[in-house]
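Fold and geometry: a report
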Amino acid sequence: MTWFHKNTPPLAPTQEDEKRVRTEGLWTKCEACRNIIWKKDLEENLNVCPRCGAHFRIAARQRLQWLLDPGEWRELDADLASNDPLEFTDTKPYRERLRAAQAATGMKDALLSVVGTLGGQPVVCCTMEYGFIGGSMGCVVGEKITRAAEYALKNRVPLIVISASGGARMMEGAVSLMQMGKVAAQLALLDDAGIPYISVLTDPTTGGVTASYAMLGDLNLAEPGALIGFAGPRVIEQTIRQKLPDGFQRSEFLLEHGMLDAIVPRKQMREYLIRALAFCQPQPAAPA
Amino acid sequence: MDLNMSLPSHSQGADAWQRVLLARHAQRPYFLDYIRDICTDFCELHGDRRFADDEALVGGMAVFRGRQVMVIGQQRGRDLKERMRRNFGQAKPEGYRKALRLMRLAEKFQRPIFSFIDTQGAYPGIDAEERGQAEALAVNLREMARLRVPVLAVIIGEGGSGGALAIGVANRVLMLENSIYSVITPEGCASIMWRDPEKKQAAAEALRLTAPELLRLGLIDEVIPEPEGGAHLHPEQMAATLAEALERNLELFTAFSKMELYQHRVKRYRNAGNFFAH
């Protein structure tokens, strides 16, 4: 028996999810300047840190929405998917990894290929999706770029490829490797025909992607601060057993070593490409 | 590594890892051994005219069964000193640029090109990156595609990723029976996918990097049988079989025009590795 009685019944327990103020997903930290940024600010700024200008990765579809003219796009080969030619299994089957990546991105593989316009100029534009198994290049990526190049050749429109990739897809073994030769051979035909091909390298572009189409542009452009190289930094460190210098394999390093035509901030990319395409116009077909 | 290990030829049971060991065998014939055995009048040509002469990637004029040919290939060293000098067969951008220079020389004088592939991969290092390893490989892929002479590539040991393909865009790609061709070394694949380099045997199996598997996948054109126990046990016999295969494959292109050779190569790669779910 207590001395005092409670006149009001205790509050009903609140729902677990009502107790917390929900903030997750609203804020993000910029790894470059260590500032906390409101995500909406970041998105409104094309995923570029409003404080320091660091370029965050962006999804392929989002990038094209910001880059191309608004209006009708036609997606090419959206349904092309890999059939796991090696029947590859490591700690889990490749097929499962594919299914998970497809569910997470809503794409069949790591490349979005569209026909649209840029400053009124018809273009075919391929954009790699880093969120799909690290943007790795397997037979689907190789085939879609090849078909995009064939489209560019047939319709005499410029080809733009925006890379974001860790390189060839290990789970497709030598099949991935052959895509490097396949795309490069198509680019030879494009070059012969006087069709412009612009390569845009974004963070990261390494391995077999850099060592094939990403470095073969009539213009090779990069976003600021992107990791670009053949061997990944970890592989190099293991080979030479030394720490790598700061800024090694970043866009600025490549520009300094003569591998890029220009570093173009994301906000200026659209205007830059329009400017470049005014110079790089598809040449008329040679008389047969 | 056991230097006396051997593998019965044509055995179906030979697992992928055993072939990896044979492909890397310290006594396996190297590029210049084959040149000595199957060519005469080899005359090495040096340098990329831009930076250096890369001894990991060797090339030159040679006479093959009465015909002038250009031969290029990666060269590993036989002893430690030579291995260091040749950077263990891992070429830098200057090596790949030299190879392209020599291939264009061959094209100018309408000589066929034989490319001998034997490398773990293009060299991953600071200097190679600074001088544009990726660009050097990429340009070779595109420019090899449009060469207007017959190009035959043969993987004689290890075909390591982009560093192999950058001298391997050919009209015909042949592989010695116990050579391997892969997008990554089994050790590299094991560390990334299994996070355990000791899983290299499983990785070798999963990567389908053996000649018979790659033939089945349609990525190469011919498997050249090795002598009983592997190429290193009977190098002269291996060289004779290889020479016969090269001559036979070169014959295929006698009637091709310059443009047809280019188109044939583009088409060969256009049709390689198309595996789509429907």
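In what follows, the accompanying structure is described. The model shown is predicted, which means the values in this text are computed figures rather than measured ones. (Residues numbered from 1 in each chain as written. Chains lettered and ligands numbered in written order. Predicted model: local features only at pLDDT ≥ 70, side-chain atom pairs only at ≥ 80, totals over all residues. Heavy atoms only, no water.)

Describing the overall build of chain A
Secondary structure summary: chain A contains ten helices and ten strands in total. With the C-alpha coordinates of chain A rotated into their principal frame, the extents come out at 105 × 45 × 45 Å. Here chain A, with 288 residues, has 52% of them falling under the buried criterion. For chain A, contacts bridging at least 24 residues in sequence account for 66% of all contacts bridging at least 6. The distance from the centre of the 32 positive side-chain charges to the centre of the 33 negative ones in chain A is 5 Å. (Helix = DSSP H or I, 4+ residues; strand = E, 2+ residues; numbered from the N terminus. Buried < 20%, exposed > 50% of the residue type's maximum accessible area, 1.4 Å probe, protein only. Contact = heavy atoms within 4.5 Å. Lys, Arg positive; Asp, Glu negative; His and termini not counted. Charge placed at Lys NZ, Arg CZ, Asp CG, Glu CD.)

Quick look at the nonpolar core
Membership of the largest hydrophobic core comes to 127 residues, with the highest contact counts inside it found for Leu159(A), Tyr213(A), Tyr96(B), Leu165(B), Tyr181(B) and Cys189(B). The biggest single contributor to this core is helix α6 (residues 173-192) of chain A, with eleven residues. Not counting the four nearest positions on each side in its chain, Leu159(A) is found in contact with Val124(A), Cys126(A), Ala148(A), Ala149(A), Ala152(A), Leu187(A), Leu190(A), Pro196(A), Tyr197(A) and Ile198(A). Val58(B), Ile224(B), Ala245(B) and Leu261(B) belong to the second-largest nonpolar core, a separate cluster that totals 28 residues. (Core = buried A, V, L, I, M, F, W, Y, C linked by side-chain atoms within 4.5 Å.)

A word on the interface of chain A and chain B
The interface is formed by 58 residues belonging to chain A together with 46 residues belonging to chain B. Of the roughly 4500 Å² buried at the junction of chain A and chain B (both faces included), carbon and sulfur atoms supply 72%. Its largest share of buried area at the contact with chain B, chain A owes to Met170(A), Met178(A) and Phe230(A), together 16% of the area lost on that side. Scanning the region where chain A abuts chain B turns up four salt bridges. Mapped by element, the contributors of at least two residues to the side of chain A that touches chain B are β4 (81-82), α5 (139-155), α6 and α8 (233-240) of chain A. A per-class count over the side of chain A that touches chain B returns 33 nonpolar, 16 polar and nine charged. For β4(A) and strand β9 (residues 276-277) of chain B, the ladder comprises two bridges, and the chain directions are antiparallel. Bridged to Ala81(A) within β9(B) is Ala277(B). (Buried area = accessible area lost by both parts, 1.4 Å probe. Salt bridge = Lys/Arg side-chain N within 4 Å of Asp/Glu carboxyl O. Nonpolar A, V, L, I, M, F, W, Y, C, P; charged D, E, K, R; others polar. Pairing = 2+ DSSP bridges.)

Section: the pairing of strand β2 (residues 57-64) of chain B
Residues and elements named next belong to chain B. Extensive coverage of β2 is indicated by the burial of seven of its eight residues. Sheet analysis places strand β1 (residues 40-44) next to β2, joined by three bridges and oriented antiparallel. In the sheet register, Cys43 faces β2, and the bridge partner there is Met61. Here eight bridges tie β2 to strand β3 (residues 67-74), and the two strands are oriented antiparallel to one another. Each bridged residue has a counterpart across the sheet, and for Val58 the counterpart in β3 is Gly73. As consecutive antiparallel partners, β2 and β3 are separated by two residues, and within that stretch Arg65 has a phi angle of approximately 45 degrees, a positive value.

Concerning the side chain of Thr206(A)
One can find Thr206(A) in the loop between β8 (197-205) and α7 (207-210). Discounting residues that sit within four places of it in the chain, Thr206(A) has contacts with Ser165(A), Gly166(A), Gly167(A), Leu227(A), Gly229(A) and Phe230(A).

Observations concerning the packing of helix α4 (residues 93-108) of chain B against helix α6 (residues 133-145) of chain B
All names here are of chain B. Packing of α4 against α6 brings their axes to within 8 Å, and their N-to-C directions diverge by 20 degrees. In terms of orientation, α4 lies roughly parallel with respect to α6. Helix-helix and strand crossings are classified by hand; for α4 and α6 the assignment is left-handed. Contacts from Pro93, Tyr96, Arg97, Ala99, Leu100, Met103 and Arg104 of α4 reach α6 at Gln133, Glu135, Ala136, Leu137, Val139, Asn140, Glu143 and Met144. (Axes fitted to C-alpha atoms, helices over the stretch in contact; angles between N-to-C directions. Parallel < 35°, antiparallel > 145°, perpendicular 65-115°, else oblique. Left-handed = near helix turned anticlockwise from the far one by under 90°.)

A look at the pattern of salt bridges
Using the criterion set out here, one finds 46 salt bridges over all chains in the structure. Arg216(B) is paired through a salt bridge with Glu213(B); the nearest N and O atoms lie 2.8 Å apart. In this pair, Arg216(B) and Glu213(B) both sit in helix α10 (residues 211-216), three residues apart, roughly one turn of the helix. Asp221(B) is the salt-bridge partner of Arg268(B), the closest N and O atoms lying 3.0 Å from each other. Separated by 47 residues along the polypeptide, Arg268(B) in helix α12 (residues 258-270) and Asp221(B) in the loop between α10 and β8 (222-224) bring together distant segments of the chain. A relative accessible area of 12% places Arg268(B) in the buried class. Overlapping salt bridges, with partners in common, bring together Asp77(A), Glu143(A), Arg147(A), Glu150(A), Lys182(A) and Arg270(B) in one network.

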